[in-house]
Each structure stands twice: as C-alpha cells, then as structure tokens.
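Structural overview
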Amino acid sequence: MSALNRQRRLRGGRWPARIAWLSVLLLLLAALLLAGAGPAYRLDLLPLGSAFGMLRRGIQITAGAAAVGLLALLVSTFCRRLQPALLGGLVVAAAAIMLAMPWLHWQRAQTAPPIHDITTDTENPPAFEALAAAREAAPNAVEYPGEAFARQQHEAYPDIEPLVLELPLGLARDVAEAAVLDLGWEIADNSLTRLEATDTTTWFGFKDDVSIRLTETGEGVRIDVRSASRLGRGDMGANAARIRDYFEAIERRLD
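Every value quoted in this text rests on a predicted model; they were computed, and no experiment measured them.

With that out of the way, let us pick up the environment of Leu195. Within the secondary structure, Leu195 sits in strand 4 (residues 194-200). Sequence separation of Leu195 and Val180 is 15 residues, and the distance between their C-alpha atoms is 8.9 Å. If we skip the residues at most four places from it in the chain, Leu195 touches Ala176, Glu177, Val180, Ile187, Asp189, Asn190, Val210, Ser211 and Ile212.

A separate point is a nonpolar patch on the surface. A contiguous nonpolar patch, built from Trp103, Leu104 and Trp106 and spanning about 380 Å² of accessible area, is present on the exposed surface. Examined against the element boundaries, Trp103 turns out to sit in helix 3 (residues 82-111).

Moving on, we come to the packing of helix 6 (residues 169-182) against helix 7 (residues 238-254). Orientation of helix 6 relative to helix 7, taken along the N-to-C sense of each, is 115°, at an axis distance of 9 Å. You can see that helix 6 and helix 7 cross each other, and the crossing is right-handed. Across the interface between the two elements, Val175, Ala176, Ala178, Ala179, Val180 and Asp182 of helix 6 pack against Tyr246, Ala249, Ile250, Arg253 and Leu254 of helix 7. By residue class, the composition of the contact of helix 6 with helix 7 is nine nonpolar, no polar and two charged.

A separate point is the packing of aromatic side chains. In total, this model carries seven aromatic pairs according to the counting rule given. Taken together, a centroid distance of 5.2 Å and an interplanar angle of 65° make the contact between Trp203 and Phe204 edge-to-face. Its relative accessible area of 6% is what places Phe204 among the buried residues. The residue whose ring lies beneath Arg18 is Trp15, and the NZ or CZ to ring-centre distance is 5.4 Å.

To continue, consider the nonpolar core. One finds Ile212, Leu214, Ile223, Val225, Tyr246, Phe247 and Ile250 to be the most contacted residues of the largest nonpolar core, which totals 31 residues. For this core, the elements supplying multiple residues, two or more each, are helix 5 (147-156), strand 2 (163-165), helix 6, strand 4, strand 5 (207-217), strand 6 (220-229) and helix 7. When near neighbours in sequence (up to four residues on either side) are disregarded, Leu214 contacts Leu169, Ala172, Arg173, Ala176, Leu192, Thr193, Val221, Arg222 and Ile223. If you look at the next biggest cluster of nonpolar residues, it comprises eight residues, including Leu33, Leu34, Leu55 and Phe204.

The feature "transmembrane region" (unreviewed entry), as annotated in UniProt, sits at residues 58-78 and 85-106 in this numbering. Summarising residues 85-106: 100% helix, 0% strand, and an end-to-end C-alpha distance of 31 Å.

Quick look at the pairing of strand 5 now. Two faces, one strand: in a regular strand the side chains alternate between the faces of the sheet. Bridge count between strand 4 and strand 5: seven bridges; the pairing is antiparallel. Among the inter-strand pairings, Asp199 is bridged to a residue of strand 5, identified as Asp208. Connecting the antiparallel pair strand 4 and strand 5 is a turn made up of six residues, with Gly205 showing a positive phi of about 75°. Relative to strand 6, strand 5 runs antiparallel, the two sharing ten bridges.

Parameters and conventions
- Residues numbered from 1 in each chain as written.
- Predicted model: local features only at pLDDT ≥ 70, side-chain atom pairs only at ≥ 80, totals over all residues.
- Heavy atoms only, no water.
- Helix = DSSP H or I, 4+ residues; strand = E, 2+ residues; numbered from the N terminus.
- Contact = heavy atoms within 4.5 Å.
- Patch = residues over 30% accessible without salt bridge, like charges linked within 9 Å, V, L, I, M, F, W, Y side chains within 5 Å.
- Areas by Shrake-Rupley, 256 points an atom, 1.4 Å probe, with all protein chains shown as cover.
- Salt bridge = Lys/Arg side-chain N within 4 Å of Asp/Glu carboxyl O.
- Axes fitted to C-alpha atoms, helices over the stretch in contact; angles between N-to-C directions.
- Left-handed = near helix turned anticlockwise from the far one by under 90°.
- Nonpolar A, V, L, I, M, F, W, Y, C, P; charged D, E, K, R; others polar.
- Phe/Tyr/Trp six-rings, centres within 6.5 Å; stacked < 30°, edge-to-face > 60°.
- Buried < 20%, exposed > 50% of the residue type's maximum accessible area, 1.4 Å probe, protein only.
- Lys NZ or Arg CZ within 6 Å of the ring centre and 35° of its normal.
- Core = buried A, V, L, I, M, F, W, Y, C linked by side-chain atoms within 4.5 Å.
- UniProt positions renumbered as here; feature names shortened; annotations may be inferred.
- Pairing = 2+ DSSP bridges.

Here is the structure:
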C-alpha cells in the first residue's frame, strides 16, 4: 500500500470518531439545558418563559444528538470502527432515555383535563385563608373556579372523594398533620379542624397549595382536601395525584 493510500485511509478512519464525539458533545449540551432549566427559574435567573425555552432547545438538541449518534453508528459500522460505533450507540440509547420523560409529560398533558384546582368536595371546597395572600399574588385564583372545573374533575378523576376515619377528632387531626409532614409539605395554618400547607416541586420549585378540612360526622371524621396550583391553566394531573398521595400517607400512618 502506498503512503498516499495509507494517508487517505487514515483520514477516512477519523470521520467515524469525529461524528461520534460530536454526538457526545451535543448530548452533553442538551443535558445541561434540560437539567438547568428548572434551577435557573427556581433561582430567579430566568423568567418562566425563558426556562421553558431552555427545555424546548434541550429536547431539540437531544433529538439532534440521537440523529448524529445514529449516523456515527452507521458510518462506523460501514468503516468497521468498533469504538465509534459503540459510542454512537450509547448516545442513541442515552438520548432515547432523556426524551422519554418529556414524552411522558406530553402524554399526560393530552389525557389530563385543563384544570389546576382539585378537591374532594366540589360543592363546598375547603377554603384558603392563611394562604390567601400568597395565592392572590399568583396568577391562579383564591376561590374555587366553580362548576366547569367540577364537571371536568368528576369525569377525569372519579376516585377523588373524601376520606372518613373512624377516630376521635383529636386523633384524626394528629394523623392528618403527621401525613402532611411525611410528604414534606410546609404547614401555613394548623388548627383542630383545618390545615393549610404548600408543596414545592423539586425541579422548577412550583408552589401548589393544599387546604385540609376535618368534619365530625355520624360515621367518624370526614377529611376533605383541596389541592390547587398557583401557576398554569392545567396541572397534568398533579393535584389529583397529590390528594391520592396524601390519603395513602394517612393510610400508612393508620397501619
């Protein structure tokens, strides 16, 4: 083999590695954008719209990294270069995992109704009193939105109903408070028959408020819960899930 042919082959052999490493760099950039969007908003470094823009760009670059990784895999296979092929395959797999979470969120957004205020009592929802000022400063209303929300809730979440505990009021209230603390919510108001608390999401730091009302009945103590987001027209089912989680925490306490 002549020196010229060897040089050409060497140059041609570099391309698979270059393409593979380009896919790695794109994937790292995408990961930084996706991971940094929430903290950037939570630390007041970016407004919400810009943080969501970071998410969109991160998703787009992740898809681009997957495409370049697939190209690296194909070129490396054709050139019989094992290491770039493995690197490209790993990038494709990692990009698929990174895209899975936004896809699942999108799927949830398509199936959940566009409401952000969920309660076990749509006719007489627990009110926000201690948290009223915080909610007045936020886009979403303090008062329950009314019949339109109630109808959509009943259709989407028929399982969201009050919980009745066959306990004295004082003991039921202790269990209700313990469950709030188990979930890590910040208590704003605490009395014998009501609790108000705030749940802060981990990634973006969104604040969702919870009002809990305890009522003595002939069957025991009825616990009604209202969970409402401060931001957003829809919640992708988060508030209904929060009420379920709270009742499950109570059941664990009782067990």
